[in-house]
Amino acid sequence: VSFDIDEGEFTAIAGPSGSGKTTILNIAGCLDQPSFGKVIFDGKDIAGRSADQLADLRRHQLGFIFQTFNLIPVLDAYENVEFPLLMKGDLSPAERKEWIETILREVGLEEFMKRRPAELSGGQQQRVAIARALVKKPRLVLADEPTANLDSNTGREILTQMKELNRRYG
C-alpha cells in the first residue's frame, strides 16, 4: 500500500472486514510498525525512532478517534478533552480553558461539559472523542470507524461535522 495524505485533506479508507484498514491506521498513527516499507510523516521516515520519540509524535502531532470512544469514565466531558492538553503541557490554564470551551462549543457540547461519559448519548460521547482528538491541533487525525457504534442518522451527523471541522481547521 502506498498513499499520501496532504495537509487539509479528508480521506477515507474503505474495504471489507479484515482487509487491513485498522492496521493501516495503527501504522500511520505510530502504534504499530510495518513489517517492511516506510512510513513518512511530515517528510521524515519514522523508522528507528524510539518508543519515547513515537509517543512524543503521537502526543504533539496526531489525534485519534476510536469507534469505542475510549473516554475516561471518571472524567467529565471537559476533563476528557483537557487530558491530552495536560499531557502536551504547552498551554497555560487560562489558554487551556478557553480552547477546551471553544472546541466543545464547536461540537455542540457546551451544555454537557460537566457530564461524565455514562451520562451522555453515543453521539455525544463521539463528539467528546472528536473534541479530544482536535483539541491539541494535530497535523493528522486518524478515525477508526468513528460512526460504527452509532445509528445511521447520528453517524451521518458526525461525518458531516467532521468534514466541517476539517474545512475550518485543516
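Remember, predicted model here, so these are calculated numbers, not experimental data.

**Student:** I would appreciate a short explanation of the packing of helix 4 (residues 93-106) against helix 6 (residues 152-169) in the present structure.
**Tutor:** When two helices pack together, their arrangement is given by the angle between the helix axes and the distance between those axes. Contact geometry for helix 4 and helix 6: axes closest at 11 Å, N-to-C directions at 135°. In terms of orientation, helix 4 and helix 6 fall into the oblique class. Here W99, T102, I103 and E106 of helix 4 lie close against helix 6, whose contacting residues are Q161, L165, R168 and Y169. Among the residues making up the contact of helix 4 with helix 6, the classes are represented as four nonpolar, two polar and two charged.

**Student:** Which parts of the structure should I look at to understand the packing of aromatic side chains?
**Tutor:** In this description, a pair of aromatic rings is defined by centroid distance and the angle of the planes. Taken as a whole and assessed by the stated rule, the structure comprises two aromatic pairs. On the basis of an interplanar angle of 5° and a centroid distance of 5.9 Å, the ring pair of F64 and F66 is categorised as stacked. Ring geometry for W99 against Y169: centres 5.8 Å apart, planes inclined by 80°, an arrangement best described as edge-to-face. You can see W99 sitting in helix 4 and its partner Y169 sitting in helix 6, a full 70 residues away along the chain. The exposure class of Y169 is partly exposed, given its relative accessible area of 38%. For the cation-ring pair, K114 lies above Y78, with the distance from its terminal atom to the ring centre recorded as 4.7 Å. The ring of W99 has K137 sitting right over it, with the charged end atom 4.6 Å from the ring centre.

**Student:** I tried to follow the layout of surface pockets on my own but got confused; where do I start?
**Tutor:** A probe matching the size of a water molecule, rolled over the atoms, marks out where space remains unfilled. In this structure, the second largest pocket occupies an estimated 290 Å³ of space. Lining of the second largest pocket is provided by 13 residues; of these, F64, F83, P84, R132 and K136 occupy positions nearest its centre. Only strand 3 (62-66), helix 3 (77-88) and helix 5 (122-134) provide two or more residues apiece to the lining of the second largest pocket. Examining the composition of the lining of the second largest pocket, we find that four residues originate from one element, helix 3, more than from any other. Split into classes, the residues belonging to the lining of the second largest pocket amount to eight nonpolar, two polar and three charged.

**Student:** I'm lost on the pairing of strand 3 in this one. Help?
**Tutor:** Every other side chain in a regular strand lies on the same face of the sheet, so the side chains alternate between the two faces. Burial within strand 3 is extensive, with four of its five residues counted as buried. Pairing between strand 3 and strand 4 (residues 140-144): five bridges, direction parallel. Directly across from F64, in strand 4, lies its bridge partner L142.

**Student:** Would you mind going over the nonpolar core with me for this structure?
**Tutor:** Where a protein is soluble and globular, its nonpolar side chains tend to be buried together. Grouped together as the largest cluster of nonpolar side chains are 27 residues, with contacts concentrated most on V81, L104 and I130. For this core, the secondary structure elements donating two or more residues are helix 3, helix 4, helix 5 and helix 6. At six residues, the largest contribution of residues to this core is made by helix 5. Counting 13 residues, the second largest nonpolar core, distinct from the first, contains L25, C30, L57 and L140.

Criteria and thresholds
Residues numbered from 1 in each chain as written. Predicted model: local features only at pLDDT ≥ 70, side-chain atom pairs only at ≥ 80, totals over all residues. Heavy atoms only, no water. Axes fitted to C-alpha atoms, helices over the stretch in contact; angles between N-to-C directions. Helix = DSSP H or I, 4+ residues; strand = E, 2+ residues; numbered from the N terminus. Parallel < 35°, antiparallel > 145°, perpendicular 65-115°, else oblique. Contact = heavy atoms within 4.5 Å. Nonpolar A, V, L, I, M, F, W, Y, C, P; charged D, E, K, R; others polar. Phe/Tyr/Trp six-rings, centres within 6.5 Å; stacked < 30°, edge-to-face > 60°. Buried < 20%, exposed > 50% of the residue type's maximum accessible area, 1.4 Å probe, protein only. Lys NZ or Arg CZ within 6 Å of the ring centre and 35° of its normal. 1 Å grid on protein atoms, 1.4 Å probe; cavity = no way out; pocket = protein on both sides within 12 Å on 5 of 7 lines; lining within 4 Å. Points joined across faces, edges and corners; volume = space filled by probe spheres on them. Pairing = 2+ DSSP bridges. Core = buried A, V, L, I, M, F, W, Y, C linked by side-chain atoms within 4.5 Å.

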